[in-house]
Amino acid sequence: MQLTVNGEPVQLSDIGTVGELLDYFRVTHQAVAVMANGEIVAREAFRSFPIKPGDSVEIIRFVGGG
């Protein structure tokens with residue numbers, strides 16, 4: 001399936017949800033915010049929010065510091 005992740009085209013297979021996409025990229029679910037096609041995805045919906053071919057996903061990582 002062809003997706004756009006953080007502005008970059010990617011070709012993936014066996015990805016059906018936001019949670020699976022985060023797992024594929026080895027991203028900790030608690031440390032990110034996700035937008036799919038301009039819609040903010042609630043953290044509790046990561047495992048059920050569907051990803052379809054052609055979707056655009058933005059994964060925003062939280063960074064601490066001071």
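Shown above is the structure to which this text applies.
1. Observations concerning the pattern of salt bridges
Reasoning step 1: Evaluation of the coordinates by the stated rule reveals two salt bridges.
Reasoning step 2: Two residues, R47 and D23, come together in a salt bridge whose shortest N-O distance is 2.8 Å. Of the two residues, R47 is situated in the loop between β4 (39-41) and β5 (56-61) and D23 in helix α1 (residues 18-24); the sequence distance between them amounts to 24 residues.
Reasoning step 3: For D23, a relative accessible area of 36% corresponds to the partly exposed category.
Reasoning step 4: Residues D55 and K52 are paired through a salt bridge, measuring 3.9 Å at the closest nitrogen-oxygen approach.

2. Section: the sheet that holds β5
Reasoning step 1: The mixed open sheet is built from five strands, whose spatial order is β2-β1-β5-β3-β4. Strands at the two margins of the open sheet, each flanked by one partner only, are β2 (8-11) and β4. Ignoring which end each strand starts from, the neighbouring axes of this sheet average 30 degrees apart.
Reasoning step 2: Relative to β5, strand β1 (residues 2-5) is paired through two bridges, and the arrangement is parallel.

3. Considering the packing of aromatic side chains
Reasoning step 1: Under the defined criterion, the tally for this structure stands at one aromatic pair.
Reasoning step 2: Arranged with centres 5.0 Å apart and planes meeting at 85 degrees, the rings of Y24 and F25 form a pair that is edge-to-face.
Reasoning step 3: Its relative accessible area of 48% is what places Y24 among the partly exposed residues.
Reasoning step 4: Classification of F25 as partly exposed rests on a relative accessible area of 32%.

Rules and cut-offs
- Residues numbered from 1 in each chain as written.
- Predicted model: local features only at pLDDT ≥ 70, side-chain atom pairs only at ≥ 80, totals over all residues.
- Heavy atoms only, no water.
- Salt bridge = Lys/Arg side-chain N within 4 Å of Asp/Glu carboxyl O.
- Helix = DSSP H or I, 4+ residues; strand = E, 2+ residues; numbered from the N terminus.
- Buried < 20%, exposed > 50% of the residue type's maximum accessible area, 1.4 Å probe, protein only.
- Pairing = 2+ DSSP bridges.
- Axes fitted to C-alpha atoms, helices over the stretch in contact; angles between N-to-C directions.
- Phe/Tyr/Trp six-rings, centres within 6.5 Å; stacked < 30°, edge-to-face > 60°.

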